[in-house]
Amino acid sequence: MSESVPHQAPGSDPAGGLSDEPAAESVVQPAGVAPPQDDEDSDHNDYDSAFGDGASSTGSISSSIRQYREVHGRTYHNFGNTEYWGPNDETQNEQLDIGHHMCTLILDNKLYLAPLSEKIQKVLDIGTGTGIWAIDFADQHPSATVIGTDISPIQPTWVPPNLKFEIDDAQLEWTYADNDFDFIHIRCLMGSIDNWPLLYQRAFRATKPGGYIEHFDMDIQFTSDDGTVKEGDIMYEWSRIFIGAGETMGRTFTIARDSKRLIEEAGFVDVVEKKYKIPVGPWAADPKWKEIGRWDLLFLTTGLEGMALYILKNILGWEFDEIQVFLAKMRKALVDKSNHGYYGITVCYGRKPE
């Protein structure tokens, strides 16, 4: 089944008729992150921009893993031959935590949508990043064992007792037993995986009968409903450049468009798909989506260089100065109040037959 949450033109309800629902409850914002602010009195037409080697997928942390690669002052993972575009430094980790808060708001203060049992026992979070989702899930489900995996050891050491982190490239052979997990969670791995059908198949084998998979991901194509972001505009062309680079790498940035079909082909049933349109900036009329737009703008501007540097330099061969000019133009477009841009997010979950 599929449910689309439309995002209408400016001045209308971007939640597509959901405005009668009660407003989202307050959520604790990421530690050390100031909430985004509007500057309604600004004379400027912009927003405040202040605001692998190995035969298996898991391994222990060694000193070599912490000897990060560096590109123009930004650090990147050092997990074998794995190719991943995102930095692992403090700036990008802050963006990940901002993104977690935004994603939670999108799901109405929920960490997931799958109808999980209260007796859930074992959970896997693939590509855990800073570990913030896994930490929150472990806190909410103290009787469950939670494993968070990532190619960078950037997670905190002070975590709930039912949570552990492992260095893991999910693209390598899995070492987990068949029928091992009640829930496998994947979020925002666009541009990261070289074989999505195989990943879903491995997840299917590792999921217990009756257990669930859930995949939350972004479609990075910026667009608009009112023509303010269209083909030829920098926000639109930015997306096309990175989508094309993903195809060059063999790691698609458009997995959100295919995740439902591929999850079903892997063997999961009763697959539910929910689609959202995420505003860039606080231009939406609905309070929920206005707030999400504020956080999205902060998310994008905080991580803009990190999202672009590796791909533009190492994959497409751009010069550093050329990259900085491109980033400045993109940042100006993001904060321009006359643009009513958005991009899509898709959440799919499905059950393994019993």
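Note that the structure is predicted; figures quoted are calculated from it, not measured. (Residues numbered from 1 in each chain as written. Predicted model: local features only at pLDDT ≥ 70, side-chain atom pairs only at ≥ 80, totals over all residues. Heavy atoms only, no water.)

### Thoughts on the overall build of the protein
Within the protein, the regular secondary structure consists of seven helices and 11 strands. Per-residue burial for the protein yields a buried fraction of 55% across its 354 residues. Summed over all atoms, the accessible surface of the protein reaches about 15,400 Å², with 48% contributed by carbon and sulfur. (Helix = DSSP H or I, 4+ residues; strand = E, 2+ residues; numbered from the N terminus. Buried < 20%, exposed > 50% of the residue type's maximum accessible area, 1.4 Å probe, protein only. Areas by Shrake-Rupley, 256 points an atom, 1.4 Å probe, with all protein chains shown as cover.)

### Quick word on the packing of helix α4 (residues 234-249) against helix α7 (residues 320-334)
At a minimum axis distance of 9 Å, the contact between α4 and α7 shows a crossing angle of 130 degrees. Here α4 lies oblique to α7, going by the angle between them. Like other packed secondary-structure pairs, α4 and α7 cross with a definite hand, here left-handed. Every residue of α7 that contacts α4 at Ile234, Met235, Trp238, Ile241 and Phe242 is listed here: Phe326, Leu327, Lys329, Met330, Ala333 and Leu334. (Axes fitted to C-alpha atoms, helices over the stretch in contact; angles between N-to-C directions. Parallel < 35°, antiparallel > 145°, perpendicular 65-115°, else oblique. Left-handed = near helix turned anticlockwise from the far one by under 90°. Contact = heavy atoms within 4.5 Å.)

### Here's the deal with the environment of Gly306
Take Gly306: it is sitting in helix α6 (residues 287-315). A relative accessible area of 1% places Gly306 in the buried class. Linking Gly306 and Asp89, residues 217 residues apart in sequence, is a C-alpha distance of 9.2 Å.

### Observations regarding the packing of aromatic side chains
Evaluation of the coordinates by the stated rule reveals 15 aromatic pairs. Centre to centre, the rings of Trp238 and Phe242 are 4.7 Å apart; their planes meet at 45 degrees, and the pair counts as tilted. Taken together, the positions of Trp238 and Phe242, both in helix α4 and four residues apart, correspond to about one turn of that helix. Neither residue differs from the other here; Trp238 and Phe242 are each classed as buried. Grouped by ring-pair contacts, the aromatic residues Tyr112, Trp133, Phe137 and Phe183 constitute a single cluster. Positioned above the aromatic ring of Phe181, the side-chain terminus of Lys122 is 5.2 Å from the ring centre. Here the guanidinium or amino end of Lys352 rests over the ring plane of Phe204, the centre of that ring lying 4.8 Å away. (Phe/Tyr/Trp six-rings, centres within 6.5 Å; stacked < 30°, edge-to-face > 60°. Lys NZ or Arg CZ within 6 Å of the ring centre and 35° of its normal.)

### What about the pattern of salt bridges?
As enumerated under the stated definition, the model contains 14 salt bridges in all. In this structure, Glu173 engages Arg202 in a salt bridge whose closest nitrogen and oxygen atoms are separated by 3.3 Å. Of this pair, Glu173 sits in the loop between β7 (163-168) and β8 (181-187) while Arg202 sits in helix α3 (residues 196-206), and the two are 29 residues apart along the sequence. Here Glu173 falls in the partly exposed class, since its relative accessible area comes to 43%. Between Glu291 and Arg294 there is a salt bridge whose closest N-O contact spans 2.9 Å. Remark: Arg294 and Glu291 occur in helix α6; sequence separation between them is three residues, near one turn of the helix. With a relative accessible area of 16%, Arg294 lands in the buried category. Bridged by salt links that share partners, the residues Glu231, Glu237 and Arg240 form one connected network. (Salt bridge = Lys/Arg side-chain N within 4 Å of Asp/Glu carboxyl O.)

### A short note on the packing of helix α1 (residues 90-106) against α6
The geometry of α1 relative to α6 is characterised by a closest axis approach of 9 Å and an angle of 160 degrees between their N-to-C directions. Overall, the two elements α1 and α6 adopt an arrangement that is roughly antiparallel. Here α1 and α6 pass one another in a crossing that is left-handed. Packed against α1, whose contacting residues are Thr91, Gln92, Glu94, Gln95, Ile98, Gly99, His101, Met102, Leu105 and Ile106, the element α6 presents Lys288, Trp289, Glu291, Ile292, Trp295, Asp296, Leu298, Phe299, Thr302, Gly303, Gly306 and Met307 at the interface. Class assignment for the residues of the contact of α1 with α6 results in 10 nonpolar, eight polar and four charged. (Nonpolar A, V, L, I, M, F, W, Y, C, P; charged D, E, K, R; others polar.)

### Some words on the confidence of the model for the protein
Looking at the protein as a whole, its pLDDT mean stands at 83, while 76% of the residues score no less than 70. Under a pLDDT of 50 for its full length, residues 2-32 has, in the predicted model, 61 contacts with residues more than four places off or in other chains. Within the model, pLDDT remains below 50 along residues 39-61, and this stretch shows 53 contacts once partners closer than five positions in the same chain are excluded. (pLDDT = per-residue confidence, 0-100.)

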